[in-house]
Amino acid sequence: METEDDLCKNNWGGASSSSSSKRREQVCFTSQHKWEDASILDYEMGMEEEPAFQENSNNNNGGQVNVDFLQGVRAQAWDPRTMLSNLSFMEEKIHELQDLVHLMVRRNGQLQGRQEQLVAQQQQLITTDLTSIIIQLISTAGSLLPSVKHHNMSTAPGPFTGSALFPYPREANNLASQTLNNNTCEFDLPKPIVVEERESHVVEEHEMKDEDDVEEGENLLPGSYEILQLEKEEILAPHTHFCTICGKGFKRDANLRMHMRGHGDEYKTPAALAKPNKEAAPGSEPMLIKRYSCPFPGCKRNKDHKKFQPLKTILCVKNHYKRTHCDKSFTCSRCHTKKFSVIADLKTHEKHCGKNKWLCSCGTTFSRKDKLFGHIALFQGHTPAIPLEETKPSAQRGSSACENSNNNNNTGMVGFNLGSATNAIEEVAQPGFMDGKIRFEDSFSPLSFDTCNFGGFHEFPRPMFDDSESSFQMLISSACGFSPRNGGESVSNTSL
Amino acid sequence: MKKAKQIQHSKPFDLLSEELVFIILDLVAQNPSDLKSFSLTCKWFYQVESKHRRSLKPLRPEYLPRILTRYRNTSDLDLTFCPRVTDYALSVVGCLSGPTLRSVDLSRSFSFSAAGLLRLAVKCVSLVEIDLSNATEMRDAAAAVVAEAKSLERLKLERCKKLTDMGIGCIAVGCRKLKRVSLKWCVGVGDLGVGLLALKCKDLRTLDLSYLPVTGKCLHDVLKLQHLEQLLLQGCFGVDDDTLQSLTHHCNSLKNLDASSCQNLTQRGLASLLSGAGCLERLDLAHSSSVISLDFASSLNKVSALQSIRLDGCSVTCDGLKAIGTLCVSLREVSLSKCVTVTDEGLSSLVVKLKGLRKLDITCCRKLSGASITQVANSCPLLVSLKMESCSLVSREAFWLIGHKCRLLEELDFTDNEIDDEGLKSISTCLSLSSLKLGICLNITDRGLSYIGMGCSNLRELDLYRSVGITDIGISSIAQGCCHLETINISYCKDITDKSLVSLSKCSLLQTFESRGCPHITCQGLATIAVRCKRLTKLDLKKCPYINDSGLLTLAHFSQGLKQISVSETGVTDVGLVSLANIGCLQNIAAVNTRGLSPSGVAAALVGCGGLRKVKLHASLRSLLPPSLINHMEARGCAFLWKDYNNNNNNNTLQAELDPKYWKLQLEEDIML
């Protein structure tokens, strides 16, 4: 029971705590669906579902369609590579968890104050992670047996793929959902810690522009707003809105409200669907403006900082925290050098990555050619740098035609080689005999004795025909009764 | 015996200093074969000659190592005869004549890459000029290599279509001393590249931007150049009035501006271009889209020092020509070729102001009659060149007046005119006449030619194409009097026989001989030409049915300088064609509809002629020749031209072609169609 309680409190693995098999099925399907995308990022993004999709699967007819669709996807997307990526993702997850535990061990020594609360949170976090790993493991394993079809006792018809192997007993799930219902309040917003403004700070206007979406012009008087500070774990949690019935997490409240419609008619009323803020708005007093503080000590966005600058929204907090205080774990798949901690930043970068093709010899890149030329015009000694891939085809130019006709020589009726100059190059470039000799001597050195290659002589290509055009010419002209032309007199007659 | 005597005298040329021999060689160098005999005299002469020679034009790249070893002081290397120049050949050039080499011409060569150019650029430290035209596969990487030649002053990159701004940018930064740059047809180069070139190379004198997609934007930078003398903008469609509007720079050094075929450039843009170019001497506005009217001509008031103007293909008005005559009195050259709207009144009002006119081109101005030509003759006594092909309304008296008044004439083109023997008599008084074209002049006879032969001893070029009144007598009088004759065309003069050829063989300087469609010419006549005219380079024997193998065998033996030959529709067989392989310089062969030729014979001839660049053959041979041979020839730098004539009854066609009236009739029919 203890574990189940923890389970239901989790903020991560909403998928694990489903109330009915119908819900479970759906969750499994969706995770399956996303799971098969090789991209790990996509998986993480995929936790949030499209509302329309959900609605569909709640209809009986729609559910059928959905299942078929997903089967189709599975059938065509199933391959070991996906499995490999899934496994490596899980490995990564486990490592992350390990790191987290390490961190907690260390932090336990430092922070004595809110011990109880911390312990609870840590437990919650770890169990969440573990659950999600288990689910992923199961669904991965389940996808290994695509032919196995089980009819569940529940209402939903049609074949289930992952749910057949779902390890949680139904009773436990039901229990979990009950506890869930009891603890609704906990899921609304992850425990904002309301802090009173104690010191009066002067917010300075002239500041270096931060990377966040900063409210530059905003100059709120200290005390005129409420400061909220989210904990690190809450900031990093992928979802902020959770279903009070099934525990599924959402990024946006609107999506949660959309989702709630599936749980019964009472959630379909206009009042339930409307924005909660707007309900209270008319008549009541304007709410105290909320501003957010970064939990990182010493940060300018932290409320204890001298020149504290509050963050406007939760999104700002999230982006700020990830950008400033987290590892940049997303690497650009194009340049493999730029790293980001916010996926949106990565995507913005990837849109433009590689387009800075205008390169100067000094190493500066430009996205526009005229900017490069302006740069070169400005600086002495800078030249445009030609990209490497362009040099390759030009280096091969000319030789291709020659090779072509060389090959043709073997099959053609008239067998001859190209100009003697080509032969000369070939002989200079690949002196077959010399090379062979060197190889032979090398092979007697103690190091490479085992790998010596006595058959190396055959490796050196020789021209098929050694006759140059002059010899051919001699043949013709002698046949016609003329002496061959003297090669030494080939200088044409030009005046100075 | 001779050798023994020389040894006894113990170096007879000891007293002769090298400098003196160099001076002698400078004079001998006029004739290449003389140089050859000189160097064969003795070992010392051989050595002195190899020290003396500066410029080389090798026929085969294979001999480059030997040639360059012999001529160590080579400064100019012209590789236009070597279609296949590999990287290896270029590195040989770099190694053997690196420090002395000043100019290289690779405009007709291919097969080299950036690696070879790098060798050349690094080894030849004093390289001043390089011509890389027609390197259509050249990319920016190779251009970046050219930038290594820091001392480069003259660079030609015509038709390097894959070059972009990046490559030109590299060159602009690397070669700061550039003075002449030609980027004609480098369609990948735009404003940025040209702008950077103008910004970095301050010494630019000549810039050819023809057919580039540039706009007026880069001209702002270009016209800031202090020393710019020549700017060619032919066919730059991007140059328009709007982008030129804000031009404020005065480019007083500009002497020559070519804005021909700039379709989007009208009077407004031209006015702003010319406003800063007060010292302009030559202006080319050929095929301009705007009408040369009074308004247009008024934009020329800023360039009153103009010496030459070209308005080919423009629609000109009478007022416009008059205004040009008034504004630019110092004009020396006027070209109105193919300006169909030119009238007698317009031309008269132009030339009446131009006392100093030297050159006038009124080709195909068909509306002109005798009146304006009389005006030209009366007002331009200094006329040197007059081209008036197809001015068929001009009366015979006008020609008489030209010869009478313009005694300094050197170049005359009367093709397709009504000139007669009296006109020729008057023209024969122009003693310095060197080029005379009398093609399709049906009124002239041997009598007229004999006047020319007696009077114009400096004649170098004579064109008698389809002037059917000419016989052997006329040709012999020409051959007698004009011993400097270099070029003669007697095509379709049906009465010409071997006698003409025998008499023409006296002109030992003869280089070009065209006798297409002369049915009476035989191999004996050809043999005398071959034996006596050692400089023969171009020979057209098409449709001479009596020419056969024996003629070609003689040619192969004696005309070692022959570069171009046409033996289409003659009696030549395999033997004759294969014998041509003995001529080392041979570059062009045309042998279409020659019945005696077999595929194997043609193949043997093709393989034998190592320097071939262009071959014209019947289309049926394309499938009969082994494809490997064709590939091989193309790899060697030879282009094939497959012709598919469908004249089945050869003799009838020839007869019909020889009849001038029938031919003219057919021509007019074609025009009507």
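Residues numbered from 1 in each chain as written. Chains lettered and ligands numbered in written order. Predicted model: local features only at pLDDT ≥ 70, side-chain atom pairs only at ≥ 80, totals over all residues. Heavy atoms only, no water.

Per an unreviewed UniProt entry, chain B goes by F-box/LRR-repeat protein 15-like leucin rich repeat domain-containing protein and derives from Brassica carinata.

Named according to an unreviewed UniProt entry, chain A is C2H2-type domain-containing protein originating from Brassica carinata.

Engineer: Looking at this model, I keep getting lost on the overall build of chain A. Mind explaining?
Structural biologist: When you go through chain A residue by residue, the secondary structure sums to 21 helices and 10 strands. Put simply, chain A has 496 residues, and 39% of those count as buried. Partitioning the intrachain contacts of chain A with sequence separation of at least 6 by distance along the chain shows that 58% fall at a separation of at least 24. Accessible surface for chain A amounts to roughly 28900 Å². Of this, 57% is attributable to carbon and sulfur atoms. (Helix = DSSP H or I, 4+ residues; strand = E, 2+ residues; numbered from the N terminus. Buried < 20%, exposed > 50% of the residue type's maximum accessible area, 1.4 Å probe, protein only. Contact = heavy atoms within 4.5 Å. Areas by Shrake-Rupley, 256 points an atom, 1.4 Å probe, with all protein chains shown as cover.)

Engineer: Would you take a moment to explain the overall build of chain B for this structure?
Structural biologist: Across its full length, chain B holds 30 helices and 24 strands. A buried classification covers 56% of the 673 residues belonging to chain B. For chain B, the exposed area adds up to about 26800 Å²; of that, 52% sits on carbon and sulfur atoms.

Engineer: Please explain the pattern of salt bridges as it appears in this structure.
Structural biologist: Proximity of charged atoms lets side chains of opposite charge pair with each other. Taken as a whole and judged by the stated rule, the model has 23 salt bridges over all chains. Arg-368 of chain A is the salt-bridge partner of Asp-370 of chain A, the closest N and O atoms lying 2.9 Å from each other. As a salt-bridge pair, Arg-282 of chain B and Glu-333 of chain B come within 3.4 Å of each other at their nearest N and O atoms. Taken together, the residues span a long stretch of sequence, with Arg-282 of chain B in strand E10 (residues 282-284) and Glu-333 of chain B in strand E12 (residues 333-335) at a distance of 51 residues. Residue Glu-333 of chain B is classed as partly exposed on the basis of its relative accessible area, which comes to 22%. Look at the salt bridges and you will find they share partners, linking Glu-49, Arg-53 and Arg-70 of chain B into a network. (Salt bridge = Lys/Arg side-chain N within 4 Å of Asp/Glu carboxyl O.)

Engineer: Please clarify how the packing of helix H6 (residues 87-97) of chain B against helix H7 (residues 114-123) of chain B should be interpreted in this entry.
Structural biologist: All names here are of chain B. In the contact formed by H6 and H7, the axes pass within 8 Å of each other and the chain directions differ by 5 degrees. The angle between the axes of H6 and H7 places the two elements in the roughly parallel class. Packed against H6, whose contacting residues are Asp-87, Leu-90, Ser-91, Val-93, Gly-94 and Cys-95, the element H7 presents Ala-115, Gly-116, Leu-117, Arg-119, Leu-120 and Lys-123 at the interface. For the contact of H6 with H7, the residue count by class is 6 nonpolar, 3 polar and 3 charged. (Axes fitted to C-alpha atoms, helices over the stretch in contact; angles between N-to-C directions. Parallel < 35°, antiparallel > 145°, perpendicular 65-115°, else oblique. Nonpolar A, V, L, I, M, F, W, Y, C, P; charged D, E, K, R; others polar.)

Engineer: Looking at this structure, how should I read a nonpolar patch on the surface?
Structural biologist: Together, Leu-20, Ile-23 and Leu-27 of chain B make up a nonpolar patch on the protein surface, roughly 310 Å² of accessible area in all. Its place among the elements puts Leu-27 of chain B in helix H2 (residues 18-28). (Patch = residues over 30% accessible without salt bridge, like charges linked within 9 Å, V, L, I, M, F, W, Y side chains within 5 Å.)

Engineer: Honestly, the environment of Glu-231 of chain A in this entry has me stumped. Any pointers?
Structural biologist: Inspection of the secondary structure puts Glu-231 of chain A in the loop between strand E2 (225-229) and helix H10 (232-236). Separated by 65 residues in sequence, Glu-231 of chain A and Phe-296 of chain A have C-alpha atoms that sit 9.0 Å apart.

Engineer: Hey, could you run me through the nonpolar core in this one?
Structural biologist: Soluble globular proteins tend to pack their nonpolar side chains together in the buried interior. Counting residues in each nonpolar core, the largest one holds 214 residues, and the members touching the most others are Leu-117, Leu-157, Leu-183, Leu-231 and Leu-438 of chain B. Filtering out sequence-adjacent residues up to four positions away, Leu-157 of chain B remains in contact with Leu-132, Ser-133, Met-138, Leu-163, Ile-168, Ile-171, Ser-182, Leu-183, Lys-184 and Cys-186 of chain B. (Core = buried A, V, L, I, M, F, W, Y, C linked by side-chain atoms within 4.5 Å.)

Engineer: Where do I start with a negative patch on the surface in this structure?
Structural biologist: All names here are of chain A. On the surface, Glu-91, Glu-92, Glu-96 and Asp-99 cluster together to form a negatively charged patch. The topology assignment puts Glu-96 in helix H6 (residues 80-110). Residue classification places Glu-96 among the partly exposed residues on the basis of a relative accessible area of 41%. (Lys, Arg positive; Asp, Glu negative; His and termini not counted. Charge placed at Lys NZ, Arg CZ, Asp CG, Glu CD.)

Engineer: Could you clarify how one ought to interpret the packing of aromatic side chains in this entry?
Structural biologist: When we look at a pair of aromatic rings, we describe it by the centre distance and by the angle of the planes. Under the definition given, this model contains 6 aromatic pairs over all chains. Centre to centre, the rings of Phe-399 of chain B and Phe-414 of chain B are 4.9 Å apart; their planes meet at 80 degrees, and the pair counts as edge-to-face. Of this pair, Phe-399 of chain B sits in helix H18 (residues 396-405) while Phe-414 of chain B sits in the loop between strand E15 (411-413) and helix H19 (421-427), and the two are 15 residues apart along the sequence. A residue is classified by how much of its surface remains accessible, and Phe-399 of chain B, at 0% relative accessible area, is buried. With 5.7 Å between their ring centres and 90 degrees between their planes, Tyr-465 of chain B and Tyr-492 of chain B make a pair best called edge-to-face. Separated by 27 residues along the polypeptide, Tyr-465 of chain B in the loop between strand E17 (461-463) and helix H21 (472-481) and Tyr-492 of chain B in the loop between strand E18 (487-489) and helix H22 (498-504) bring together distant segments of the chain. Classification of Tyr-492 of chain B as buried rests on a relative accessible area of 5%. By way of ring pairs, the aromatic residues Phe-38, Trp-44 and Phe-45 of chain B are connected into one cluster. Looking at Lys-248 of chain A, its charged tip hangs above the ring of Phe-250 of chain A, at a distance of 5.4 Å from the centre. A cation sits over an aromatic face here: Arg-466 of chain B above Tyr-492 of chain B, 3.9 Å from the ring centre. (Phe/Tyr/Trp six-rings, centres within 6.5 Å; stacked < 30°, edge-to-face > 60°. Lys NZ or Arg CZ within 6 Å of the ring centre and 35° of its normal.)

Engineer: Would you mind showing me how to read the pairing of strand E24 (residues 639-643) of chain B here?
Structural biologist: Looking along a regular strand, one sees the side chains alternate between the two faces of the sheet. All names here are of chain B. Here E24 shows one buried face, formed by Phe-640 and Trp-642, and one open face, formed by Ala-639, Leu-641 and Lys-643. Relative to E24, strand E23 (residues 614-618) runs parallel, the two sharing 5 bridges. Bridge assignment links Lys-614 to a residue of E24, and that residue is Ala-639. (Pairing = 2+ DSSP bridges.)

Engineer: Is there a simple way to think about the side chain of Asp-420 of chain B in this case?
Structural biologist: Topologically, Asp-420 of chain B is positioned in the loop between E15 and H19. Residue contacts for Asp-420 of chain B: discarding those within four places in its chain leaves Arg-396, Asn-443 and Ile-444 of chain B.

Engineer: Please explain the sheet that holds strand E10 (residues 384-385) of chain A as it appears in this structure.
Structural biologist: Adjacent strands of a sheet pair through backbone hydrogen bonds, lying either parallel or antiparallel. Residues and elements named next belong to chain A. Spatially, 3 strands are ordered E9-E8-E10 in an open sheet, and the strand pairing comes out antiparallel. With one partner strand each, in any of the chains shown, strand E9 (365-366) and E10 form the two edges of the open sheet. Two strands pair when backbone bridges link them, and strand E8 (residues 358-360) and E10 are joined in this way by 2 bridges, in the antiparallel orientation. Looking across to E10, one finds that Leu-359 is bridged to Ala-385.

Engineer: Teacher, can you tell me more about the confidence of the model for chain B here?
Structural biologist: Residues shown with low pLDDT carry predicted positions that ought not to be read at fine detail. Residue and element names in this part refer to chain B. For chain B, the mean per-residue pLDDT works out to 89, and 94% of the residues sit at or above 70. Here residues 1-6 is modelled with pLDDT under 50, and outside its nearest four sequence neighbours on either side it reaches 2 contacts, counting other chains as well. Interface confidence in the predicted complex, given as ipTM, is 0.81; pTM for the same model is 0.63. (pLDDT = per-residue confidence, 0-100.)

Engineer: I keep staring at a positive patch on the surface and nothing clicks. Help me out?
Structural biologist: Among the surface-exposed residues, Arg-108, Arg-159, Lys-161 and Lys-614 of chain B lie close enough to one another that they form a single positively charged patch. Topologically, Lys-614 of chain B is positioned in strand E23.

Engineer: It is not clear to me how helix H16 (residues 344-351) of chain B should be interpreted in this structure. Could you clarify?
Structural biologist: An α-helical turn contains 3.6 residues, so a residue and the one three or four places further along point in the same direction. The buried fraction of H16 of chain B is high, at 7 of 8 residues. For H16 of chain B, every residue scored as buried is listed here: Asp-344, Gly-346, Leu-347, Ser-348, Ser-349, Leu-350 and Val-351 of chain B.

Engineer: Whenever I open this one, the state of the cysteines confuses me. Can you help?
Structural biologist: A covalent bond between the sulfur atoms of two cysteines is what we call a disulfide. Residue and element names in this part refer to chain B. In this structure the tally under the stated criterion is 0 disulfides over all chains. Free of any disulfide, Cys-391 has its nearest cysteine sulfur in Cys-365, 5.8 Å distant. You can call Cys-391 buried: its relative accessible area is 0%. (Disulfide = S-S within 2.5 Å.)

Engineer: I would appreciate a short explanation of the side chain of Asp-241 of chain B in the present structure.
Structural biologist: Residues and elements named next belong to chain B. The residue Asp-241 is located in helix H12 (residues 241-244) in this model. This buried residue, Asp-241, is left without a salt bridge; Arg-268 holds the nearest opposite charge, at 4.0 Å. For Asp-241, the side chain forms a polar contact with the side chain of Thr-266, separated by 2.3 Å. Excluding residues that lie within four positions of it along the chain, Asp-241 makes contacts with Asn-264, Leu-265, Thr-266, Arg-268 and Gly-269. (Polar contact = N/O pair within 3.5 Å; in protein donor to acceptor, adjacent residues only side chain to side chain.)

Engineer: What exactly am I supposed to notice about helix H28 (residues 627-635) of chain B here?
Structural biologist: Residues of H28 of chain B that are buried: Ser-628, Leu-629, Ile-630, His-632, Met-633 and Ala-635 of chain B. Just downstream of H28 of chain B lies Gly-637 of chain B, where phi reads positive at about 100 degrees.

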